[in-house]
Amino acid sequence: MTKVDGLSISIKNKKGTWSLVRDVSFSLERGRTLAIVGESGSGKSLITSAILGMLNHLEGLEGSVEVCGRDVLKASSRELRTLRRNLIGYIPQNPRESLTPTLKVGSQLVEVIAAKTDRKGRECRLVAESLLSSLGFSGPERILSMYPHQLSGGMCQRVAIAMAVVSRPALVVADEPTSSLDPLTKHKIMEVIKGIQAEQGFGLILVTHDLDLAFSSSDQVAVVYGGRLVETGAAEELLLRPGHPYTSDLVRCFTRSGAEKGGSYYIPGEPLSIYTSFPGCRYFNRCRQRLEICETKEPACVRRDRGRVACWLY
Amino acid sequence: MGLDMLYPRIVQNRFVLACLFLILLYILISLGGSFLLPHHPNAQSLAEANRGPSFANWLGTDYLGRDLLARILAGVRVSLIIAFFATLINITVGFLVGSAAGLIGGVVDRFLTGLIDIFWCIPPFLVVVMLTVVLEPGIKNIFIALGAVFWVPTARIIRGEAYQLRNAPFIRLARLQGAGYSRIILLHILPCCFPVLLTTAIFSIPDAILAEAFLSIVGLGVTAPQASLGVLISDGLQSFRVYPWQWFFPVLTLIVLVLCFNLLGDMLHRSFRDRSKGILEYD
């Protein structure tokens with residue numbers, strides 16, 4: 001069980017304070033998948049970094065992130081190391097650059113297994129082989145004796161997945177796991193991740209700007225805009241009946257309804273820069289359903305069906 | 001990554017192959033050669049002092065009648081031992097300080113960089129001379145003194161490398177797998193710094209040999225009966241006009257030895273540089 005409560009991130013310097021992420025709350029049961037979607041610069045990566053405990057040194061970090069009852073944001077660096085070894089797995093964005101180029105895949109994987117599971121040399125090798133074959137490699141011994149540059153992106157990603165899940169974590173954070181892979185590999189990798197999730201039952205946070213992936217492979221979807229979770233809800237519900245105007249615009253981009261034949265639909269305007277402070281809803285300047293109040297006051301998060309939405313329309 | 005990739009380059013380049021062969025020859029002869037010669041490097045025989053090259057003494061004898069060839073071989077051994085350990089200290093300290101500064105950053109980085117800057121300002125030979133004066137003269141203290149100043153540039157280079165690597169995706173992944181600093185430094189940064197370290201080491205060996213020679217010439221080197229290339233050169237210098245071979249042969253040995261290491265270092269440097277360009281971008 002992962003619980004994020006009131007997570008806010010802001011940075012301060014001489015010129016002022018900038019709020020980058022505000023009041024993010026959600027919870028995720030074991031075995032379930034939450035997709036965090038949003039466009040570039042919306043704060044997805046910051047939220048993930050905070051969940052992984054990489055922003056613990058920041059002063060303007062508020063709220064709590066609990067994984068199995070342990071608060072990540074208050075953990076010391078020693079506690080963080082134990083947390084990352086035992087409870088939190090991480091699947092990187094760019095698999096080919098994420099494996100150390102000067103070490104053979106085998107020695108890296110064995111090293112991680114030894115560190116995470118207290119096993120010794122030969123045993124680790126066996127674990128590595130069985131893990132790789134369960135992730136769909138036909139000749140694990142051959143893969144283990146290769147360097148990362150000899151593998152394809154998808155293969156590197158599966159090795160990284162093996163590293164993430166070897167200690168049977170409670171939570172796995174996948175930071176755009178498929179963004180640097182081709183469409184065929186993308187589905188294969190998602191299948192691998194879902195397969196191992198079904199076997200181990202970890203909670204999966206899938207950060208992506210790929211709506212197709214988000215809606216097809218997750219139970220819940222959280223939409224981020226301007227550093228806030230503007231809407232969370234069950235995936236199929238958001239797809240069929242989006243609540244927030246931004247969500248419905250996104251879904252429309254995705255399904256291309258309303259676009260001229262052969263054309264595509266896009267949301268006009270640009271998101272507000274983080275350096276502009278704005279008292280109202282940050283989607284105000286692009287919203288098609290804006291009200292007067294949207295310009296002056298930021299909406300609170302309210303319940304809608306089984307999810308939550310932050311919009312004055314509700 | 002490593003020696004297996006360098007092997008074809010070494011074999012292709014005859015010149016470098018010759019250097020490598022000469023260095024190995026130096027090492028072998030200096031280790032075993034003294035046993036093959038009939039003369040002990042420290043055995044004096046005043047009756048045969050200052051002889052020129054002959055069948056009995058191939059390179060002649062010095063002012064105490066000691067065989068010059070035997071002394072040169074013993075001297076090369078001492079010089080190589082000093083150079084090896086000075087380089088070992090240089091590489092180890094330089095790598096640890098540099099990688100800690102570059103990887104950890106923040107206060108640690110500022111402290112260690114400050115330390116490097118301070119050491120950088122002091123003339124290195126001043127420190128070496130002071131250390132050899134304070135510590136007792138002897139082989140061990142010479143390489144400690146040399147190691148104590150040689151690590152500074154190495155640390156600076158390695159800090160730059162580690163600083164570049166600290167935000168690399170693979171370091172991030174290692175951190176997110178719960179690896180601590182020591183594990184990241186030894187497992188992930190060390191292999192990436194291998195080319196730089198190897199080149200630095202090869203260039204540091206001739207530096208140490210020359211530094212040791214300099215110390216011996218000014219009288220701070222190894223103690224009296226023992227021979228080193230520096231001691232032989234400074235002894236030879238005193239009777240240079242009358243018995244030039246006493247000076248010439250040690251100098252020739254030193255030049256060839258240093259040249260071999262420098263050429264080898266140059267080749268390593270060039271081949272690592274070429275390889276980092278990649279096959280498709282070769283120019």
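The coordinates are above.
Small disclaimer: the values here were computed from a predicted structure and weren't measured.

Attention shifts here to the sheet that holds strand β12 (residues 307-309) of chain A. All names here are of chain A. As summarised here, the arrangement of the 8 strands in space is β6-β7-β8-β3-β9-β10-β12-β11, forming an open sheet in which the pairing is mixed. Looking at which strands have only one partner, the edges of the open sheet turn out to be β6 (88-91) and β11 (302-304). Between one strand and the next, the sheet's axes are offset by a mean angle of 25 degrees, whatever the strand orientation. Each of β3 (33-37), β7 (171-175), β8 (203-208) and β9 (220-225) touches helix α1 (residues 44-51); the most contacted strand, β7, lies at about 150 degrees to it.

Right, let's talk about the interface of chain B and chain A for a bit. At the interface, 14 residues of chain B touch 19 residues of chain A. Those elements that place two or more of their residues in the side of chain B that touches chain A are α7 (169-176) and α8 (181-217) of chain B. Split into classes, the residues belonging to the side of chain B that touches chain A amount to 10 nonpolar, 4 polar and no charged.

With that out of the way, let us pick up the sheet that holds strand β2 (residues 16-28) of chain A. Residue and element names in this part refer to chain A. Read across the sheet, 4 strands follow the order β2-β1-β4-β5 without closing on themselves; strand pairing throughout is antiparallel. The sheet is open, and its two borders are formed by β2 and β5 (70-71), each paired with just one other strand. Two strands pair when backbone bridges link them, and strand β4 (residues 60-67) and β5 are joined in this way by 2 bridges, in the antiparallel orientation. Its bridge partner lying in β5, Val67 is registered against Arg70. Sheet strands touched by α1: β1 (2-13), β2 and β4. Its angle to β1, the strand with the most contacts, is close to 110 degrees.

Residues and elements named next belong to chain B. In the contact formed by helix α6 (residues 139-165) and α8, the axes pass within 10 Å of each other and the chain directions differ by 155 degrees. Compared by their axis directions, α6 and α8 come out roughly antiparallel. In this structure, the crossing between α6 and α8 has a hand that is right-handed. Residues Ile142, Leu146, Phe150, Thr154, Ile157, Ile158, Glu161, Ala162 and Leu165 of α6 form the contact with α8, whose own contacting residues are Ile189, Cys192, Cys193, Val196, Thr200, Ser204, Asp207, Ala208, Ala211, Glu212 and Leu215. Grouping the amino acids of the contact of α6 with α8 by side-chain chemistry returns 14 nonpolar, 3 polar and 3 charged.

So, about the pairing of β9 of chain A. Looking along a regular strand, one sees the side chains alternate between the two faces of the sheet. All names here are of chain A. Across the 6 residues that make up β9, a large majority, 6, are buried. Burial along β9 is two-sided: Gln220, Ala222 and Val224 facing one way and Val221, Val223 and Tyr225 facing the other are all buried. Sheet topology note: the β3/β9 ladder contains 4 bridges and is parallel. From the neighbouring strand, Val37 faces β9, where its bridge partner is Val223. Relative to strand β10 (residues 228-234), β9 is paired through 6 bridges, and the arrangement is antiparallel. Its bridge partner being in β10, Gln220 is matched across the sheet by Ala234. The turn joining β9 and β10, which pair antiparallel and follow one another in sequence, is formed by 2 residues; a positive phi near 55 degrees is taken by Gly226.

With that settled, consider the environment of Ala208 of chain B. Residues and elements named next belong to chain B. On the secondary structure map, Ala208 appears in helix α8. A C-alpha to C-alpha distance of 19 Å links Ala208 and Leu268, two positions 60 residues apart in sequence. If near-sequence neighbours (up to four positions away) are discounted, Ala208 is found in contact with Ile82, Ala83, Ala86, Thr87 and Leu146.

Helix length check: helix α4 (residues 105-117) of chain A, at 13 residues, gives a terminal C-alpha distance of 18 Å against a target of 18 Å (1.5 Å per residue), a fit within 8%. With respect to burial, α4 of chain A is a largely interior element, 10 of its 13 residues being buried. Regarding α4 of chain A, the residues found buried are Val105, Gly106, Gln108, Leu109, Val110, Glu111, Val112, Ile113, Ala115 and Lys116 of chain A. Check the buried side of α4 of chain A and you find it contacts α2 (77-86), α5 (121-134), α6 (140-144) and α7 (153-165) of chain A together with α8 of chain B. Within two residues after α4 of chain A, Asp118 of chain A carries a phi angle of roughly 60 degrees, on the positive side.

About the thresholds
- Residues numbered from 1 in each chain as written.
- Chains lettered and ligands numbered in written order.
- Predicted model: local features only at pLDDT ≥ 70, side-chain atom pairs only at ≥ 80, totals over all residues.
- Pairing = 2+ DSSP bridges.
- Helix = DSSP H or I, 4+ residues; strand = E, 2+ residues; numbered from the N terminus.
- Axes fitted to C-alpha atoms, helices over the stretch in contact; angles between N-to-C directions.
- Contact = placed C-beta atoms within 7 Å.
- Nonpolar A, V, L, I, M, F, W, Y, C, P; charged D, E, K, R; others polar.
- Parallel < 35°, antiparallel > 145°, perpendicular 65-115°, else oblique.
- Left-handed = near helix turned anticlockwise from the far one by under 90°.
- Buried ≥ 20, exposed ≤ 12 C-beta atoms within 10 Å, placed from the backbone.
- Expected span 1.5 Å × (residues − 1).

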